[in-house]
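Summary of the model geometry
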Amino acid sequence: MTHLSLPGIFDSVDSLQSFVDIIPCPIFVKDRQHRFVLVNQAAADFFGMHQNELLGHTDLNLFPKEHVAEYWMMDDLLFSTGETNENEEDLTDRAGNTRRIVTRKSPVKLSTGGDLLVAVISDVTEIRQAEAHNRYLAFHDQLTGLANRAMLYKRLDELLGGPVPRHPAVLLVDLDRFKEVNDCLGHLVGDELIRAFADRLVACAGSTDLAVRLGGDEFVLLLSTADDAEAVSDRILEAAHAPFSIGESQVMIGASIGVAKADHGCELPNELLRRADVALYRAKSLGRNRFALFSPDMDEGRQARMDLEAEMRLALADFSQFELHFQPQVRSDTGRVVAIEALVRWRHPRLGLIAPSRFIPIAEETGLIVPLGYWILADAVRQVKALGLSIRVAVNVSPVQLRQTCFAEKVLQTIARLDFPPELLELEITETAVFHANKPEIDILDSLRRRGVRVALDDFGTGYSTLTHLRRLAVDKIKIDRTFVRSIGQMTDADAIIRALVQLGNSLGVDTTAEGVETEEQRQLLCELGCTELQGFLIARPTPMAEIEASLIGETRQRAL
Ligand code: C2E
Ligand code: CA
Ligand code: CA
């Protein structure tokens, strides 16, 4: 076999030297005694020494003793096994710059019989930084810098699947009213708010807890032990409720929290999160701004609710399972019926007659209240018109319906189609809904009022309205909530509160209707306090139109004639 030879190139060490000096990455060659026998220019630059200071010397000229011992152990291993090895480490050069480098050493056997080691150094600082950044992105939320869902699962796996079983708790936090802020004040303010809340969430976390943003306005605080779950939840609620100053705006939100604690029956991340979600749902349906702790009975309630939702969708195909009951509202001085309030019921094939408190919240959450609401309006108007009397019909309107931009138009079209005067339609909207309403919703009610439709403020006294809020929307009537009427004779200052509410109505120049009047004692006191209208079981219970006592309506009929 003939050897291919490159005459002249490697004849002398000099020519080899000039050859390797051209190579831009650091290369050096050592003999078995760890002496440098060849060092290229890039390696000399890297070590910050002249080539001549290195040739014939060892690592002891460059590094502290303990490092050198380690390098030499690796060198010896390489010579004895004949295998290439690689070592990654941080090196700080003389200027104080720390770089991440990989040194790859390979053995070379000389034809003359000697053993050498060739080392190539690569600088992987940038690569490792990029990798670390990618790892960061994979496990963190970009907007807030909190951990993300992937990180949450990773940590849950560690806590639940580790050798020592732990009992963490998941606090699933959902901001109340965030969507409104986002819609009203814009996404930039929304983003700021999310960041500000994230900071507050972190402040509620202990050093072994993990604060996570799942996306949107959903967060998790993963507590490494469940003991403090309730106390921490309270702190988060407080933190969410305190006003946020963002740019020019003062923003008030709140939070609902679902809490699930890991126990013996719940050792999987998905199950723990599912339980927290079920509990969150409970917290929201209890009126938000609170936390709920998961308990197994919540699962059953949830299933029943999902069944009800599916059945409602089917029932909305023809509305035949829905019916309206009507309850009269009378003048407190004359007893004359002035209006009839329509109250919807669902005659469910399996469950019988279902009260609105059970299915309206589901209809609102799913948006099904929109088609149902239009049907209620049309049917109520049709039935009251059929009486042939000049009586107003009161129809309850959910805030979800008001978010339909075409709501006012559709209401006007419906009554026009049924040839019903707008003055005889009264829409009841709760005080709480008005308190939370945005400008477009207030505008919708205003435009309906300008066309003659009346607006009543329902469940008055239970919300947080101040006079300033009340001035946002002109109304024709306020309905004093049942709880105040019920407290007559039971609570010492019940009279004073009702008197104040009636006076408020007087000062706004509108009627006041007392809801839930059940006893003669209540009726008398309400009359004395100046309440203009009464509604309640004492006068009549809600019934199908055909069953409304003829005497009640009959009296009105006579007066109408
Ligand atoms: P609401 O608008 O405050 O309706 C009055 C509720 O008080 C009715 O309950 C009525 O049956 C009840 N009530 C009337 N008088 C008395 C009384 O003397 N004592 C007591 N204890 N209760 C009395 P209902 O029909 O179960 O409706 C509950 C709520 O469901 C309503 O409260 C309203 O917020 C909602 N709702 C009912 N119908 C509709 C509807 O068609 N659309 C919408 N969006 N909500 C509706
Ligand atoms: Ca009502
Ligand atoms: Ca009411």
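Residues numbered from 1 in each chain as written. Chains lettered and ligands numbered in written order. Predicted model: local features only at pLDDT ≥ 70, side-chain atom pairs only at ≥ 80, totals over all residues. Heavy atoms only, no water.

Some thoughts on the site of ligand 1
Around ligand 1 sit 20 residues, and of these Gln327, Arg345, Arg482, Glu518 and Phe537 come closest. Between an oxygen atom of ligand 1 and a side-chain N or O atom of Asn396, the distance comes to 3.0 Å. Residue Asp458 places a side-chain N or O atom 3.0 Å away from an oxygen atom belonging to ligand 1. Expressed as a share of its isolated accessible area of 790 Å², the protein-covered part of ligand 1 is 83%. (Near = heavy atom within 4 Å. Polar contact = N/O pair within 3.5 Å; in protein donor to acceptor, adjacent residues only side chain to side chain. Areas by Shrake-Rupley, 256 points an atom, 1.4 Å probe, with all protein chains shown as cover.)

Digging into the coordination of the calcium ion (ligand 2)
Binding of the calcium ion (ligand 2) to the protein goes through Glu341 (OE), Asn396 (OD1), Glu428 (OE) and Asp458 (OD), at separations of 2.1 to 2.3 Å. The metal-metal distance between the calcium ion (ligand 2) and the calcium ion (ligand 3) comes to 4.0 Å, with Asp458 coordinating both. Of this pair, Glu341 sits in strand S14 (residues 337–348) while Asp458 sits in strand S18 (residues 454–460), and the two are 117 residues apart along the sequence. No difference in accessibility class separates Glu341 from Asp458, as the two residues are buried. (Donors = N, O, S within 2.8 Å, 3.2 Å for Na, K, Ca; no water. Helix = DSSP H or I, 4+ residues; strand = E, 2+ residues; numbered from the N terminus. Buried < 20%, exposed > 50% of the residue type's maximum accessible area, 1.4 Å probe, protein only.)

Points about unusual backbone geometry
A negative phi angle characterises most non-glycine residues, just as the trans form characterises most peptide bonds. Of note, Arg177 is a non-glycine position whose phi angle comes to about 70°, a positive value. Note that Arg177 resides in the loop between strand S6 (169–176) and helix H7 (178–185).

Thoughts on the side chain of Asn438
Checked against the element boundaries, Asn438 lands in the loop between helix H16 (431–436) and helix H17 (439–450). Given the relative accessible area of 15%, Asn438 is considered buried. Excluding anything up to four places from it in sequence, Asn438 contacts Glu180, Cys184 and Arg472. (Contact = heavy atoms within 4.5 Å.)

What about empty space enclosed by the protein?
Under the counting rule described, the total for this entry stands at two cavities of 30 Å³ or more. A volume near 160 Å³ is recorded for the largest cavity. Lining the largest cavity are 16 residues, and of these Phe28, Tyr71, Glu89, Thr103 and Lys105 sit closest to its centre. Broken down by secondary-structure element, the contributors of at least two residues to the lining of the largest cavity are strand S1 (27–31), helix H4 (65–81), strand S3 (85–92) and strand S4 (98–109). A per-element tally of the lining of the largest cavity places S3 first, with four residues. Of the residues in the lining of the largest cavity, the class split is eight nonpolar, three polar and five charged. Space inside the second largest cavity adds up to approximately 40 Å³. Forming the boundary of the second largest cavity are Gly373, Tyr374, Leu377, Val395, Asn396, Val397, Gln401, Phe407, Val411 and Leu427. Taken together, the elements giving at least two residues each to the lining of the second largest cavity come down to helix H13 (369–386), strand S16 (392–396) and helix H15 (407–417). Taken together, the residues of the lining of the second largest cavity sort by class into seven nonpolar, three polar and no charged. (1 Å grid on protein atoms, 1.4 Å probe; cavity = no way out; pocket = protein on both sides within 12 Å on 5 of 7 lines; lining within 4 Å. Points joined across faces, edges and corners; volume = space filled by probe spheres on them. Nonpolar A, V, L, I, M, F, W, Y, C, P; charged D, E, K, R; others polar.)

Some words on the coordination of the calcium ion (ligand 3)
The calcium ion (ligand 3) binds to the protein through Asp458 (OD), Asp459 (OD), Glu515 (OE) and Glu515 (OE), with metal-donor distances spanning 2.0 to 2.7 Å. Read in sequence order, the donor residues coordinating the calcium ion (ligand 3) give the pattern D-D-x55-E. A residue is classified by how much of its surface remains accessible, and Asp459, at 26% relative accessible area, is partly exposed. Exposure remark for Glu515: the relative accessible area of 11% places this residue in the buried category.

Structural notes on the pattern of salt bridges
One pass over the structure, following the stated rule, counts 43 salt bridges. Put simply, Arg104 and Glu86 hold a salt bridge, and the shortest N to O gap is 3.1 Å. On the criterion of sequence distance, the pair formed by Arg104 in strand S4 and Glu86 in strand S3 is long-range, its members being 18 residues apart. By relative accessible area, which is 42% here, Arg104 ends up partly exposed. A salt bridge links Arg128 to Glu131, with the shortest nitrogen-to-oxygen separation between them at 3.3 Å. Placement of both Arg128 and Glu131 in helix H5 (residues 125–139) is noted, with a separation of three residues, approximately one turn of the helix. The exposure class assigned to Arg128 is partly exposed, which follows from its relative accessible area of 27%. One salt-bridge network, held together by shared partners, links Glu88, Asp90, Arg100, Arg128 and Glu131. (Salt bridge = Lys/Arg side-chain N within 4 Å of Asp/Glu carboxyl O.)

Topic: the sheet that holds strand S2 (residues 36–39)
The five strands are arranged S2-S1-S5-S4-S3 in an open sheet whose pairing can be described as antiparallel. Edge positions in the open sheet fall to S2 and S3, since each of these has one partner strand only. In this sheet, adjacent strand axes meet at a mean angle of 25° when their direction is disregarded. Relative to S4, S3 runs antiparallel, the two sharing eight bridges. Across the sheet, the residue bridging to Asn85 is Lys105, located in S4. (Pairing = 2+ DSSP bridges. Axes fitted to C-alpha atoms, helices over the stretch in contact; angles between N-to-C directions.)

Considerations on the domain arrangement of the protein chain
Taken domain by domain, the protein chain consists of domain 1 (6–128), domain 2 (140–294) and domain 3 (312–560). A C-alpha centroid distance of 89 Å is found between domain 1 and domain 3. (Domains from an automatic or database assignment.)

Section: the side chain of Glu515
Relative to the helices and strands, Glu515 resides in the loop between strand S20 (511–514) and helix H21 (520–529). Residues within four places of Glu515 in sequence aside, it is in contact with Asp458, Asp459, Lys479, Ile480, Asp481, Arg482, Val485 and Gln535.

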